[in-house]
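Reading the structure
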Protein chains: 2
Amino acid sequence: MDQMPDQPSKEISETSGGDNDADDLLPIRHLEISDHGKGFVELLGQLSTCPPISDADFSSRFADLSALGDDHVISVIEDLKTGRIVATGSVFVEKKFIHGCGKVAHIEDVVVDAAARGRCLGQRVVRFLAEHARVAGCYKVILDCTSELRGFYEKCGFVEKNVQMAMYFRD
Amino acid sequence: MDQMPDQPSKEISETSGGDNDADDLLPIRHLEISDHGKGFVELLGQLSTCPPISDADFSSRFADLSALGDDHVISVIEDLKTGRIVATGSVFVEKKFIHGCGKVAHIEDVVVDAAARGRCLGQRVVRFLAEHARVAGCYKVILDCTSELRGFYEKCGFVEKNVQMAMYFRD
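Parameters at a glance
Residues take numbers from 1 onward in each chain, read along the sequence in its written order. Chain letters start at A and ligand numbers start at 1, both assigned in the order the entries are written. The model is predicted, so local features are restricted to residues of pLDDT at least 70 and side-chain atom pairs to those at 80 or more, both for listing and for counting; the totals for chains, interfaces and linings are taken over all residues. By convention in this description, side-chain values take in all heavy atoms of the structure and omit both hydrogens and water. Counting from the N terminus, the helices are the DSSP runs of H or I reaching at least four residues and the strands are the DSSP runs of E reaching at least two. The contact definition used throughout considers only heavy atoms, calling two residues in contact when any of these lie within 4.5 Å. Buried area: the accessible area, evaluated with a 1.4 Å probe, that two parts lose upon being put together, summed over both parts. A pairing counts as a salt bridge when a side-chain nitrogen of Lys or Arg comes within 4 Å of a carboxyl oxygen of Asp or Glu. Here a polar contact is recorded for every N or O atom pair within 3.5 Å, except that within protein the pair must consist of a potential hydrogen donor and a potential acceptor, and residues adjacent in sequence are included only if both atoms are side-chain atoms. Residue polarity follows a fixed list, in which Ala, Val, Leu, Ile, Met, Phe, Trp, Tyr, Cys and Pro are nonpolar, Asp, Glu, Lys and Arg are charged, and the others, Gly among them, are polar. To line up the copies, we fit them by least squares on C-alpha atoms, keeping just the residues with pLDDT of at least 70 in both. Three labels apply to residues, based on accessible area from a 1.4 Å probe with only protein chains included: buried if under 20% of the type maximum, exposed if over 50%, partly exposed otherwise in between. For two strands to pair, DSSP has to find at least two bridges joining them. Note on geometry: axes are C-alpha line fits, over the in-contact stretch for helices, and angles between N-to-C directions span 0 to 180 degrees. Aromatic pairing here means that ring centres of Phe, Tyr or Trp (its six-membered ring) are within 6.5 Å. Orientation follows from the plane angle: under 30 degrees is stacked, over 60 is edge-to-face, and everything else is tilted.

Some details on the environment of Val73 of chain A
Residues and elements named next belong to chain A. Following the sequence through the fold, Val73 ends up in strand S2 (residues 72-79). On a C-alpha basis, the gap between Val73 and His30 in space is 6.8 Å, while along the polypeptide they are 43 residues apart. If sequence neighbours within four positions are ignored, Val73 has contacts with His30, Gly89, Ser90, Val91, Leu129 and His132.

Here you go:
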């Protein structure tokens, strides 16, 4: 998982619940298909390789993920002043046999628009996804990040656990 | 992800393709529902918390995962001499928007029976799962492990990439 969320600003409490005037203009919600026209793909391009996606391909992938219901959720924050998506992150639920047929949530692809950082949007996205995992009955939620982002995720309530290994088939 | 695969023995080549006489008695295949009676759950108990699972719960979870088709595969190695499952690992495919609606595979829950270690069964499981990911069109396959297992996964073709963070809702 590549991640580039914002760092929390000192001015705003970590416990900011998203119910102040500023947050009213920056609501968090699930991805909608119309977000293709609101800069969602371009935002992902700030995180990782993300070439433009045709309407047909976007709709097809959106349908793939929608079919998974609550087992795969993409959250977005829209700036209602500009109509652009300024933050996003996803979470999916893995069903296991261990832990009494338990479930583990995986957070992926968290990114905040470079021009919108310092407003705790990254924390809001991560807390939204972790709460989804908790309500879904997962016994834990995990993610992979660069070592530079360890402190950010610790502020979100995570602890360092293991190392991530990867094998690449192509870039 | 918790993992406890075996370490490869020096006697057996890393490129062992699974087609020698010993491997004929230790075939690798997908999980079958009858593996509930062949020690599959007990084997997972060597990896993580894994209390006994009722037939009904096992069947239900097996059906959940089977419904995902090739997007979620559990591999097992059965010892045909004893009829017991001696190694397992799972892989699931995450569909993304990044990388041109790309796919990433996640390897989870790799474990080899303590009495069957030193026979490269862990490597066979991991290579089987990674090959599934490659054929499924994933651009990479990732996993999390303890730092002690880094060397094992490097021998399987992985490189260290990031840190894993976790938030626990319960044990």
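Here's the deal with the interface of chain B and chain A
Between chain B and chain A, the residue contacts involve 66 residues of the former and 66 residues of the latter. Summed over both partners, the interface of chain B with chain A comes to about 6,100 Å²; 61% of that surface belongs to carbon and sulfur atoms. Among the residues of chain B in contact with chain A, Arg61, Phe97 and Met165 of chain B are the three that bury the most area, contributing 15% of the side total. In this structure, the connection of chain B to chain A is made through 4 salt bridges. Along the contact surface separating chain B from chain A lie 35 residue pairs in polar contact (both at pLDDT 80 or more). It is strand S6 (residues 159-168) of chain B that provides the largest number of residues to the side of chain B that touches chain A, a total of 10 residues. Class assignment of the residues belonging to the side of chain B that touches chain A gives a composition of 34 nonpolar, 13 polar and 19 charged.

Considering the relation of the copies chain B and chain A
Expressed as a screw operation, the relation of chain B to chain A combines 0.0 Å of axial shift with a rotation of 180 degrees, fitting to an RMSD of 0.0 Å. With respect to symmetry, the two chain copies, as superposed, fit the operation of a two-fold axis. In terms of proximity to the rotation axis, the leading residue of chain B is Val163 of chain B, whose C-alpha is 2.3 Å off the axis. Mapped onto chain A, 100% of the interface residues of chain B again fall at the interface, so both copies present the same surface.

Thoughts on the pattern of salt bridges
Oppositely charged side chains can pair when the atoms bearing their charge come close. Enumeration over the complete set of coordinates arrives at 22 salt bridges over all chains. Among the ionic pairs, Arg134 of chain B bridges to Glu131 of chain B, the shortest N-O distance being 2.7 Å. Residue Arg134 of chain B and its partner Glu131 of chain B are both found in helix H5 (residues 121-135); the two are separated by 3 residues, about one turn of the helix. Salt-bridge contacts for Glu160 of chain B lead to Arg150 of chain B; the nearest nitrogen and oxygen are separated by 2.9 Å. Of this pair, Glu160 of chain B sits in strand S6 while Arg150 of chain B sits in helix H6 (residues 150-155); the two residues are 10 residues apart in sequence, bridging distant segments of the chain. Relative accessible area serves as the criterion here: at 26%, Arg150 of chain B is assigned to the partly exposed category. Several salt bridges converge on common partners, so that one network encompasses Arg29, Glu32, Asp35, Lys38 and Glu78 of chain A.

Observations regarding the side chain of Asp79 of chain A
Mapped onto the elements, Asp79 of chain A comes out in strand S2. Among residues more than four places away in sequence, those in contact with Asp79 of chain A are Leu25, Leu26, Arg84 and Val86 of chain A.

Here we look at the sheet that holds strand S1 (residues 28-30) of chain B
With respect to topology, 12 strands assemble into an open sheet ordered S1(A)-S2(A)-S3(A)-S4(A)-S5(A)-S6(B)-S6(A)-S5(B)-S4(B)-S3(B)-S2(B)-S1(B), the strand pairing being mixed. Two strands in the sheet have a free side with no partner beyond their single neighbour: strand S1 (28-30) of chain A together with S1 of chain B. With direction set aside, neighbouring strand axes in the sheet form an average angle of 30 degrees. Across the face of the sheet, helix H3 (residues 55-66) of chain B comes into contact with strand S3 (84-95) and strand S4 (103-112) of chain A together with strand S2 (72-79) of chain B while running at roughly 135 degrees to S3 of chain A.

Digging into the environment of Ala133 of chain A
Mapped onto the elements of the fold, Ala133 of chain A is located in helix H5 (residues 121-135). Spatially, the C-alpha atoms of Ala133 of chain A and Gly100 of chain A are 17 Å apart, while their sequence positions differ by 33 residues. If we ignore the near neighbours within four places in the chain, the residues touching Ala133 of chain A are Ala105, Cys138 and Val141 of chain A together with Phe169 of chain B.

Examining the packing of aromatic side chains
All told, the structure shown has 11 aromatic pairs over all chains when counted by the stated rule. With 5.9 Å between their ring centres and 80 degrees between their planes, Tyr153 of chain A and Phe158 of chain A make a pair best called edge-to-face. When its relative accessible area of 2% is taken as the criterion, Phe158 of chain A is described as buried. Judged by centre distance (6.2 Å) and plane angle (80 degrees), the rings of Phe40 of chain B and Phe58 of chain B are edge-to-face. Taken together, the residues Phe40 of chain B in helix H2 (residues 40-44) and Phe58 of chain B in helix H3 connect sequence positions 18 residues apart. An aromatic cluster is defined as three or more aromatic residues linked by ring pairs; in this entry it consists of Phe40 and Phe58 of chain A together with Phe97 of chain B.

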